[in-house]
Amino acid sequence: MAIDLREIYKPHTGQSEMHNSPAKVKVLVCGRRFGKSRYALFELLKTFIDSWDFPVGPETVPPFHAWVVAPAMPQARQAWDELINFIPTELVAEGGIHLDEHFIYLRGSEGRSWGKIEVKSAFDPENLQTAGLDFLWITESQDISDKAFEKGLPTLRSPQRMGKAVFEGIPSLWPDHWFRRVFMSAKRGREGYYWKQATAFENPLLSDESKAEIEADRELLPDKAWRRLYLAEFSE
């Protein structure tokens, strides 16, 4: 089964750079409207397709397992809506979309690597453990608690799992938050980690009208808040 994601997704320059990185963990501190969550969605789908060539034994169930984690289910709604709208039907098992439970069963290639994507809330961190993951996407990372991250990180350390992750959001508000610690570790050159810090204005797909509206938001927001939201600048 050949799937060409380029038929439904044309990444902009910054997104292409992120896709091209071979790093297992990608830490994205980017302004609103940069396109980081759309990138993460298609990085997840690309990883599933790549998993068809990743050998696993019969004891690995499901053969591919991914989580999308948001601070709470209302914040997960956009990621869920985009997931069920953009995922190619060829990748979805028959009856595989479970709307009430927010998970999707995936169809493998020639009997290999079927999988499961779950959308989960970090509101109760105790729900974020026990699984071994091939892909962990944490969205709105700045609002995810340290405790939730401590539960989620070990899911990437399981045998016969790809252990890939995307942590994305705007800058966290205090320096000891896990998202900033991981970002700074990646920036210092941690092996297997990629980092990117980008402003909203670095999205070439934004129209002049959208850019003007973002600029006009300066009148409505405190300067530090505006710079954090759109320029991805860290602020205490």
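These numbers come from a predicted model, not from an experiment.

What counts, and where the lines are drawn
- Residues numbered from 1 in each chain as written.
- Predicted model: local features only at pLDDT ≥ 70, side-chain atom pairs only at ≥ 80, totals over all residues.
- Heavy atoms only, no water.
- Helix = DSSP H or I, 4+ residues; strand = E, 2+ residues; numbered from the N terminus.
- Rg over C-alpha atoms; globule rule 2.2 N^0.38 Å.
- Buried < 20%, exposed > 50% of the residue type's maximum accessible area, 1.4 Å probe, protein only.
- Contact = heavy atoms within 4.5 Å.
- Areas by Shrake-Rupley, 256 points an atom, 1.4 Å probe, with all protein chains shown as cover.
- Lys, Arg positive; Asp, Glu negative; His and termini not counted.
- Charge placed at Lys NZ, Arg CZ, Asp CG, Glu CD.
- Expected span 1.5 Å × (residues − 1).
- Bend = angle between axes of the 7 residues up to and from the residue.
- Axes fitted to C-alpha atoms, helices over the stretch in contact; angles between N-to-C directions.
- Parallel < 35°, antiparallel > 145°, perpendicular 65-115°, else oblique.
- Left-handed = near helix turned anticlockwise from the far one by under 90°.
- Nonpolar A, V, L, I, M, F, W, Y, C, P; charged D, E, K, R; others polar.

Engineer: I would appreciate a short explanation of the overall build of the protein chain in the present structure.
Structural biologist: Assigned secondary structure in the protein chain consists of seven helices and eight strands. Relative to the 2.2 N^0.38 estimate, which gives 18 Å for 236 residues, the radius of gyration of the protein chain is 18 Å and therefore close to what a compact globule would have. Across its three principal directions, the C-alpha atoms of the protein chain cover 55 × 35 × 35 Å. Burial status across the protein chain gives 51% buried among its 236 residues. Within the protein chain, contacts between residues at least 6 apart in sequence are counted, and of these 70% link residues at least 24 apart. For the protein chain, the accessible surface area stands at approximately 11700 Å², while carbon and sulfur atoms represent 51% of it. Of the side-chain charges in the protein chain, 30 are positive and 35 negative, and the distance between the mean point of each set is 5 Å.

Engineer: Explain helix H3 (residues 73-86) here, please?
Structural biologist: Owing to its 3.6 residues per turn, the α-helix aligns residues three or four sequence positions apart on the same side. For H3, spanning 14 residues, the distance from its first C-alpha to its last is 19 Å, which sits close to the expected 20 Å at 1.5 Å a residue. A maximum bend of about 30° is found in H3 at Ala79. Those residues of H3 that sit buried are Ala76, Ala79, Trp80, Glu82 and Leu83. The elements touched by buried residues of H3 are helix H2 (36-51), strand S2 (64-70), strand S3 (92-98), strand S4 (103-106), strand S5 (115-121) and strand S6 (135-138).

Engineer: I'm lost on the packing of H2 against H3 in this one. Help?
Structural biologist: How two helices pack is summed up by the angle between their axes together with the distance between the axes. The contact between H2 and H3 brings their axes to 11 Å, and the two run at 45°. The angle between the axes of H2 and H3 places the two elements in the oblique class. Of the two elements, H2 crosses H3, and the hand of that crossing is right-handed. Contacts from Arg38, Leu41 and Phe42 of H2 reach H3 at Glu82, Leu83 and Phe86. Looking at the contact of H2 with H3 residue by residue, the classes come out as four nonpolar, no polar and two charged.

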